[in-house]
Amino acid sequence: MVSRLLLSRFAPALASARRPAAAVPRHAFMGIRRYATADTEQHTMTVREALNLAMEEEMTRDENVFIIGEEVARYNGAYKVTKGLMDKFGEKRVVDTPITEMGFAGIAVGAAFQGLRPICEFMTFNFAMQAIDQIVNSAGKTYYMSGGNVPCPVVFRGPNGAASGVGAQHSQDYAAWYGSVPGLKVVSPWSAEDCKGLLKAAIRDPNPVVFLENEMLYGGHVVGLLASYWQGQVEKEGSDITIVAHSKMVTHSMEAAEELAKEGIKAEVINLRSIRPLDIDTIIKSVKKTNRLMIVEGGFPISSRARQFDYLDAPVERVTGADVPTPYATNLEALAFPDTPLITKVAKRALYRTN
Amino acid sequence: MASLARVRLLGRRLPLGARGVQTTADTTQLHQAPSDASEPFTLKLHEDSFQTYNCPKPDLEVQVTKSELLEMYQQMTTMRRMEMAADALYKAKMIRGFCHLAIGQEAVSVGMEHGIDKNDRVITGYRCHPFAVLRGGSIKGVIAELLGRKGGMSQGKGGSMHIFTPSFFGGNGIVGAQVPVGAGAAFAQQYKGEKNCTFAMYGDGASNQGQVFEAYNMAKLWNLPTIFVCENNKYGMGTPAERSSSNTAYFTRGDKIPGLQVNGMDIIAAKQAVAYARKWAVDDQNGPLVLEFVTYRYGGHSMSDPGTTYRTREEVQRMRSTQDPIRGLQRYLEEWGVATEQELKAIDKEAKATVDQAVAEAKESPEPPLEDLWKDVYFKGTEPQFLRGREREEGKRFY
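Keep in mind it's a predicted model, so treat the numbers as computed, not measured. (Residues numbered from 1 in each chain as written. Chains lettered and ligands numbered in written order. Predicted model: local features only at pLDDT ≥ 70, side-chain atom pairs only at ≥ 80, totals over all residues. Heavy atoms only, no water.)

### Re the overall build of chain B
Phase 1: Looking only at helices and strands, chain B features eleven helices and 13 strands.
Phase 2: For 399 residues, the compact-globule estimate of 2.2 N^0.38 gives 21 Å, and the C-alpha radius of gyration of chain B, at 21 Å, lies within 12% of that figure.
Phase 3: With the principal axes as the frame, chain B shows a C-alpha extent of 70 × 50 × 45 Å.
Phase 4: Counting over 399 residues, chain B shows a buried share of 60%.
Phase 5: In chain B, once contacts between residues fewer than 6 apart in sequence are set aside, the share between residues at least 24 apart is 70%.
Phase 6: When the accessible area of chain B is evaluated, it comes to approximately 16300 Å², of which 50% is carbon and sulfur surface.
Phase 7: Chain B carries 49 positive and 47 negative side-chain charges, and their two centres are separated by 4 Å. (Helix = DSSP H or I, 4+ residues; strand = E, 2+ residues; numbered from the N terminus. Rg over C-alpha atoms; globule rule 2.2 N^0.38 Å. Buried < 20%, exposed > 50% of the residue type's maximum accessible area, 1.4 Å probe, protein only. Contact = heavy atoms within 4.5 Å. Areas by Shrake-Rupley, 256 points an atom, 1.4 Å probe, with all protein chains shown as cover. Lys, Arg positive; Asp, Glu negative; His and termini not counted. Charge placed at Lys NZ, Arg CZ, Asp CG, Glu CD.)

### What to know about the UniProt feature "domain: Dehydrogenase E1 component" (unreviewed entry) in chain B
Phase 1: Mapped onto the present numbering, the UniProt feature "domain: Dehydrogenase E1 component" (unreviewed entry) falls on residues 75–370 of chain B.
Phase 2: Split by type, residues 75–370 of chain B is 45% helix and 10% strand. Its first and last C-alpha atoms lie 36 Å apart. (UniProt positions renumbered as here; feature names shortened; annotations may be inferred.)

### Re the packing of helix α5 (residues 178–191) of chain B against helix α6 (residues 210–221) of chain B
Residues and elements named next belong to chain B.
Phase 1: Where α5 meets α6, the closest approach of the two axes is 8 Å, and the angle between their N-to-C directions is 20 degrees. Classed by the angle they form, the pair α5 and α6 counts as roughly parallel. Of the two elements, α5 crosses α6, and the hand of that crossing is left-handed. Residues Val179, Pro180 and Ala183 of α5 touch α6, and the partners they reach there are Gln211, Val212 and Ala215.
Phase 2: Tallied by class, residues from the contact of α5 with α6 come to five nonpolar, one polar and no charged. (Axes fitted to C-alpha atoms, helices over the stretch in contact; angles between N-to-C directions. Parallel < 35°, antiparallel > 145°, perpendicular 65-115°, else oblique. Left-handed = near helix turned anticlockwise from the far one by under 90°. Nonpolar A, V, L, I, M, F, W, Y, C, P; charged D, E, K, R; others polar.)

### Structural notes on the confidence of the model for chain A
Phase 1: Mean pLDDT over chain A stands at 85; residues scoring 70 or higher make up 84%.
Phase 2: Long-range and interchain partners of residues 1–41 of chain A, a stretch whose pLDDT sits below 50, account for 72 contacts in this model, where long-range means more than four residues apart. (pLDDT = per-residue confidence, 0-100.)

### Quick notes on helix α3 (residues 101–113) of chain A
Phase 1: With 13 residues, α3(A) extends 18 Å between its outermost C-alpha atoms, agreeing within 8% with the 18 Å of an ideal straight helix rising 1.5 Å per residue.
Phase 2: For α3(A), the buried fraction is high: twelve of the 13 residues fall into the buried class.
Phase 3: Every buried residue of α3(A) is listed here: A:Glu101, A:Gly103, A:Phe104, A:Ala105, A:Gly106, A:Ile107, A:Ala108, A:Val109, A:Gly110, A:Ala111, A:Ala112 and A:Phe113.
Phase 4: Looking at the buried residues of α3(A), the elements they touch are β1 (65–69), β3 (117–121), α4 (132–145) and β4 (155–159) of chain A together with α5 and α6 of chain B.
Phase 5: Phi turns positive one or two residues past the end of α3(A), at A:Gly115, with a value near 100 degrees. (Expected span 1.5 Å × (residues − 1).)

### So, the sheet that holds strand β12 (residues 317–319) of chain A
Residues and elements named next belong to chain A.
Phase 1: Read from one edge of the open sheet, five strands run β7-β9-β8-β11-β12, paired in mixed fashion. Of all strands in the sheet, those bounded by a partner on one side alone are β7 (233–236) and β12. The sheet shows a mean angle of 25 degrees between the axes of neighbouring strands, direction not considered. (Pairing = 2+ DSSP bridges.)

### Some thoughts on the interface of chain B and chain A
Accessible area lost on assembly of the parts is the figure often given for the size of an interface.
Phase 1: Contact with chain B, which involves 42 residues of that partner, is made by 51 residues of chain A.
Phase 2: Counting each side, the surface lost to burial between chain B and chain A is near 3900 Å², with a carbon and sulfur contribution of 64%.
Phase 3: Contact with chain A buries area across many residues of chain B, yet B:Tyr191, B:Tyr378 and B:Phe379 alone supply 19% of it, more than any other trio.
Phase 4: Remark: the boundary between chain B and chain A carries zero salt bridges.
Phase 5: Joining chain B to chain A, the criterion identifies 23 residue pairs in polar contact (both at pLDDT 80 or more).
Phase 6: Looking at the side of chain B that touches chain A, the elements with two or more residues in it are α5 and α6 of chain B.
Phase 7: Considered class by class, the residues forming the side of chain B that touches chain A number 21 nonpolar, eleven polar and ten charged. (Buried area = accessible area lost by both parts, 1.4 Å probe. Salt bridge = Lys/Arg side-chain N within 4 Å of Asp/Glu carboxyl O. Polar contact = N/O pair within 3.5 Å; in protein donor to acceptor, adjacent residues only side chain to side chain.)

### Topic: the nonpolar core
Phase 1: Membership of the largest hydrophobic core comes to 85 residues, with the highest contact counts inside it found for B:Leu69, B:Met112, B:Phe199, B:Ile227, B:Leu291, B:Phe293 and B:Leu329.
Phase 2: Per-element accounting of this core gives the leading share, eleven residues, to helix α8 (residues 267–283) of chain B.
Phase 3: In this structure, B:Leu329 is in contact with B:Ala25, B:Leu69, B:Met72, B:Tyr73, B:Met76 and B:Ile267, ignoring residues within four places of it in sequence.
Phase 4: If you look at the next biggest cluster of nonpolar residues, it comprises 69 residues, including A:Tyr174, A:Leu212, B:Ala188 and B:Val212. (Core = buried A, V, L, I, M, F, W, Y, C linked by side-chain atoms within 4.5 Å.)

### A closer look at the pattern of salt bridges
Phase 1: Scanning all chains against the criterion turns up 30 salt bridges over all chains.
Phase 2: Between A:Asp205 and A:Lys185 there is a salt bridge; the shortest N-O distance is 3.6 Å. Placement of A:Asp205 in the loop between α6 (192–204) and β6 (209–213) and of A:Lys185 in strand β5 (residues 185–187) is noted, with a sequence separation of 20 residues between them. We note that A:Asp205, like A:Lys185, is buried.
Phase 3: With a shortest N-O distance of 2.8 Å, B:Arg80 and B:Asp324 are connected by a salt bridge. You can see B:Arg80 sitting in helix α1 (residues 66–91) and its partner B:Asp324 sitting in the loop between α9 (313–322) and α10 (325–335), a full 244 residues away along the chain.
Phase 4: The buried category is assigned to B:Asp324, whose relative accessible area is 4%.
Phase 5: Look at the salt bridges and you will find they share partners, linking A:Glu57, A:Glu58, A:Arg61, A:Lys196, A:Lys200 and A:Arg204 into a network.

### Structural notes on the pairing of β4(A)
All names here are of chain A.
Phase 1: The buried fraction of β4 is high, at five of five residues.
Phase 2: Here β3 pairs with β4 via three bridges, running parallel. Each bridged residue has a counterpart across the sheet, and for Glu121 the counterpart in β4 is Arg157.
Phase 3: Following the chain from β3 across α4 to the adjacent parallel β4, one finds a crossover that is right-handed.
Phase 4: Of the pairings in the sheet, the one linking β4 to β6 comprises five bridges and is parallel in character. Across the sheet, residue Arg157 finds its bridge partner in β6, namely Phe211. (Right-handed = clockwise from strand over helix to strand, strands pointing away.)

### Focus on the UniProt feature "domain: Transketolase-like pyrimidine-binding" (unreviewed entry) in chain A
Phase 1: Within this numbering scheme, the UniProt entry marks residues 45–220 of chain A as carrying the feature "domain: Transketolase-like pyrimidine-binding" (unreviewed entry).
Phase 2: A distance of 8 Å separates the end C-alpha atoms of residues 45–220 of chain A, which is 37% helix and 15% strand.

### Quick look at the confidence of the model for chain B
Residues and elements named next belong to chain B.
Phase 1: Residues of chain B with pLDDT of at least 70 account for 94%, and the chain-wide mean is 92.
Phase 2: Confidence drops under pLDDT 50 across residues 1–18; counting only partners more than four residues distant or on other chains, this segment forms 41 contacts.
Phase 3: Two numbers describe this predicted complex: its pTM, 0.87, and its ipTM, 0.88.

### Overview of unusual backbone geometry
Residues and elements named next belong to chain A.
Phase 1: The omega torsion across Arg276 and Pro277 is 0 degrees, close enough to zero to call that bond cis.
Phase 2: A positive phi angle, close to 65 degrees, is found at Asn76, a residue other than glycine.
Phase 3: Inspection of the secondary structure assignment puts Asn76 in the loop between β1 and α2 (85–89).
Phase 4: Positive phi, normally seen in glycine, also occurs at Ser247, with a value near 55 degrees.
Phase 5: With respect to the element layout, Ser247 can be found in the loop between β8 (241–245) and α7 (248–262).

### Here we look at the packing of α1(B) against helix α11 (residues 341–364) of chain B
Residues and elements named next belong to chain B.
Phase 1: As a packed pair, α1 and α11 sit with axes 9 Å apart at the nearest point and diverge in direction by 45 degrees. On the basis of their axis angle, the class for α1 and α11 is oblique. α1 and α11 meet at a crossing whose hand is right-handed. Here α1 contributes Leu70, Tyr73, Gln74, Thr77, Thr78, Arg81, Met82, Ala85 and Leu89 to the contact with α11, which in turn contributes Leu344, Ile347, Asp348, Ala351, Lys352, Val355, Val359 and Lys363.
Phase 2: Class assignment of the residues belonging to the contact of α1 with α11 gives a composition of ten nonpolar, three polar and four charged.

### Examining the pairing of β6(A)
All names here are of chain A.
Phase 1: Most of β6 is tucked away: five of the five residues are buried.
Phase 2: Every second residue of β6 is oriented toward a common face, with Val209, Phe211 and Glu213 on one face and Val210 and Leu212 on the other, all of them buried.
Phase 3: By the bridge criterion, three bridges tie β5 to β6 in an arrangement that is parallel. If you follow Lys185 over to β6, its bridge partner there is Val209.
Phase 4: Since β5 and β6 lie parallel, the crossover through α6 that links them has a hand, and here it is right-handed.

Shown next, in the form of structure tokens:
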């Protein structure tokens, strides 16, 4: 269960290859794939490409794997994540559905009970609320309730959390909701490495997996480190403070770590990768070293995964989405989610600095 | 002796201009006398056994054998005994929580089993005990599950509503959720090119769920081999069908999906309808079909419901005495010379003994070990490192 995944097209990116993304706005990421140079394995791909490749590889490997969701086939995916897959595999294996989440999520569950391996795409996890009963009760709990007789190897995937300017009904982060359900596995990848490796692993996993992507990461060449399947990954080592984050918040935390480094503060950034099971050992190991902990996530405060640890010099700092439905106006939306300057400021506060 | 009169049930509203199916259990006529046990002979169903919606009427002539009829009798009697045993165990407080009994509806489950292939799939809601046994389970396994014992079919972890076999996907607790799941099983059958279909069952109460219509739409769009089966027992918990459904002709609610309404108290009609549906979906590849069985439960919705606050005792009594599926089959068997009264009494006695034996064995089964709390949260071998208990000193470390 703890196995190294070989990502054939990536190199584990080292510090020098990591993009200082602080000054580069999101739209500058063009999704350009660079090819291998003669001497090293220096090439990257976007998060979107990584997800696409993961699905393509798994569908090639196992004919029971199929994709089902809205606009996944002929439209090539609402966010183009499934682009080209219908052309390659045909409409039997990439299935367009009507706008009926509860119905097609249930169909995915039934197909999984029958031994297929559906990848059920929700256009966003906001719409998955219509299907949450099928995810939690039909998929999540059946293996347990059947005494181990009926497994459900389904993957529910799609964008989660904040996008940009899409308003309250389209911006919620559901990591904590699904993360609270025993029987589900919940992953929230960050880098392209995460996306390819974790999606392949999720598809092969005999458990139901909720795979939370982020729309704002799709176009980015987000480079991180290779990690074992369900474990968290220290993306940047440090000794002064531990910052734990998942998904897009890892980008902001990495940027904040760069900012802090300019002032001589060495922050350690942990990319959680898996919400359930939670890799508490990696967090504890880090906190033992730094004695300060910050947790950053896009979800609402009451549900955020804050933990008390015994090795701290200062109270746990929790940085979360604000406890309001996401507003539309740009200036207000900026106050609804954590960003780099905020994380930097709070990190300093944990270090008892006011400047 | 049950009368041949067609009994119209109280308050049953029929679509304008259409006659509903009649629901007496003993109106099938013999056409050809049977001789030996395995030689097929012909019966003719009453012409009001079926109502159709955009599909041809099933053949009223049915071929059966003596041994098959006896098997049907034995199965219905045994299933009723099992449900009655569950009733007694619940009242003795040995069964807890929910317990929904199918007494009165035996012709549907047993009739279905005789009309389908063992590799077809069935899924239903919570009134599932007979299906669990008939689809490859055991009476002891069901009773032990109700008692919450390790020997239960779900190891005591599911209870009454969550019992499964390889060809039966439960047993589901959320009303209506099983219908798209059933369509999904049919999707997989089509995907893999299997010559099978799935019977996705639900009640009159569940029939108004949005997800049922979502499943209808996708099944019709993709021509899935799904038979949507509405077990209309006239009441969704305490609400009569007329108070919940603006259209109680459930077999017509598939819109573009044709439908068939069936006398669910006559096991021969039930079997014929199911065989017809299977041929429709599997052999003729016509896509989905809606089947509505008109049936009746004598008990309440569950063991917490006496079943008499929303209907009269007289109605229940009348159904029991004039429309009972087992008594109806008994009448056929005696009239047609398939079995004598003594032979049938012997089958009854054996059914009781079988069930008593299974109950005794189930009671012997121990409660699950405490370790089982942590078992099967995730697929064997993929457990996380640690599952937390109620407080930090409780929990299970897997590695």
